[in-house]
Amino acid sequence: MAEWMALAAWTATFEQFDDLADEMIVGGPPPALGVPAIAKAPMIIDTDAGGDPDDSVALVVAARLVPELALVVTGDEYGGERARFVRWLLDLAGRSDVRVVAGADLGNRRGFVVGGMCPADVPPQDTDVAAAVSEVFEGLDGQVRWVGMGPLSNLAHLQQERPELVARLAVTQMGGAINYRDPSRAEHNFRADPDAVIEILPTLERWGPPTFVLSDVTFSPAIEITAESPLYRRWAAPDARPWERVLREQFDRWTAKYPALQHDALALAAALLWPGVRFVREHVVLDDIARMSLKADGAEIKMSISADYAAFMTWLDKALG
């Protein structure tokens, strides 16, 4: 697997091998090479679903591609409504087996666009994040995949309550930026709870460098879904599946004001070891408002530096097909 991933990345580096690289990245590794143990580990997703539809897209992809998806925790909660929405979406996607827990509520009441969509009979979800994560680890000797798609509040709280579990998480987080489009602010997920990321980053480094899929890479029109995209046209078709109709309605509400870039779906792809996202190891520091910069004596992370956007959109289309 490692040899194949290295070859795929190498071929993508050279223009004359572009076609070969695309075929390798979209097609995946040959079965004979097998997969590393972490690729079959239980997965926990930490999401602020209910605003930008990229969270919902990523959740449906995980529901379809990841049989090991065990738990979804919501962050930047909206009075428990994000968790109710996630429960409904997962049920529509055929994953009623996946537990949903409402996590940290930061008091933010902006950017929630799915109000009124979730049926009234979907009950409030549990709120004990630490207990739910502990259940995922029961009887398990190895690691658990943690895929962060929102603020790092839940991860920081888990460190306070059950640090021995955090030590066994393989963390992939969407967030952070070296060259954010607004230099006066931190990237969105960091900005939503700067204290949490400032607190947890040095801890994560102790257990092996965490993986960060930076906004520098995800903020690209090449991974935007628009009303002209084949995916959206499927969601809007008369025979659309129930979860597709939910994605379309959320998309329409969100894109009345904002673009629908697939930040979190790209982070999920990276967590699934899809090789079209390329990383380097760097040392970073955070200032007091969680803006990220490079510094030799900072915390070590695996940091995204590029992605094959066209191959990713092909992968995404196939995953939602």
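Above: the structure in question.
Everything quoted here is computed from the prediction, not taken from an experiment. (Residues numbered from 1 in each chain as written. Predicted model: local features only at pLDDT ≥ 70, side-chain atom pairs only at ≥ 80, totals over all residues. Heavy atoms only, no water.)

Draft legend 1. Quick look at helix α3 (residues 54-65). In this model α3 runs 16 Å from its N-terminal to its C-terminal C-alpha over twelve residues, within 8% of the 16 Å that 1.5 Å per residue would give. Taken across its twelve residues, α3 has ten buried, putting it largely inside the fold. (Helix = DSSP H or I, 4+ residues; strand = E, 2+ residues; numbered from the N terminus. Expected span 1.5 Å × (residues − 1). Buried < 20%, exposed > 50% of the residue type's maximum accessible area, 1.4 Å probe, protein only.)

Draft legend 2. Highlighting the sheet that holds strand β11 (residues 299-307). Across the sheet, nine strands lie side by side as β3-β2-β1-β4-β5-β6-β11-β9-β10; this open sheet has mixed pairing. The sheet is open, and its two borders are formed by β3 (99-102) and β10 (292-294), each paired with just one other strand. Between one strand axis and the next, the sheet turns by 30 degrees as a mean value, whatever way the strands run. Bridge analysis of strand β2 (residues 69-74) against β3 gives four bridges, and the strand direction is parallel. Bridge assignment links V73 to a residue of β3, and that residue is V101. Its contacts with the sheet place helix α4 (residues 81-92) against β1 (43-47), β2 and β3, and it is angled at close to 170 degrees to β3. (Pairing = 2+ DSSP bridges. Axes fitted to C-alpha atoms, helices over the stretch in contact; angles between N-to-C directions. Contact = heavy atoms within 4.5 Å.)

Draft legend 3. The pairing of β2, seen in detail. Counting buried positions over the six residues of β2 gives five, a clear majority of the element. Where β1 meets β2, five bridges bridge the pair, whose relative direction is parallel. Across the sheet, the residue bridging to I45 is V72, located in β2. Regarding topology, α3 serves as the crossover connection from β1 to the parallel β2, and that connection is right-handed. With α4 bridging β2 and its parallel neighbour β3, the resulting β-α-β unit is right-handed. (Right-handed = clockwise from strand over helix to strand, strands pointing away.)

Draft legend 4. Main features of unusual backbone geometry. In the Ramachandran plot, D76 falls in the positive-phi region, its phi being about 45 degrees despite a non-glycine side chain. Along the chain, D76 falls in the loop between β2 and α4. The exposure class assigned to D76 is buried, which follows from its relative accessible area of 4%. Backbone geometry at A290 places phi at a positive 75 degrees, although glycine is not the residue there. Note that A290 resides in the loop between β9 (277-286) and β10. Here A290 falls in the buried class, since its relative accessible area comes to 2%.

Geometric values such as these leave the question of function open.
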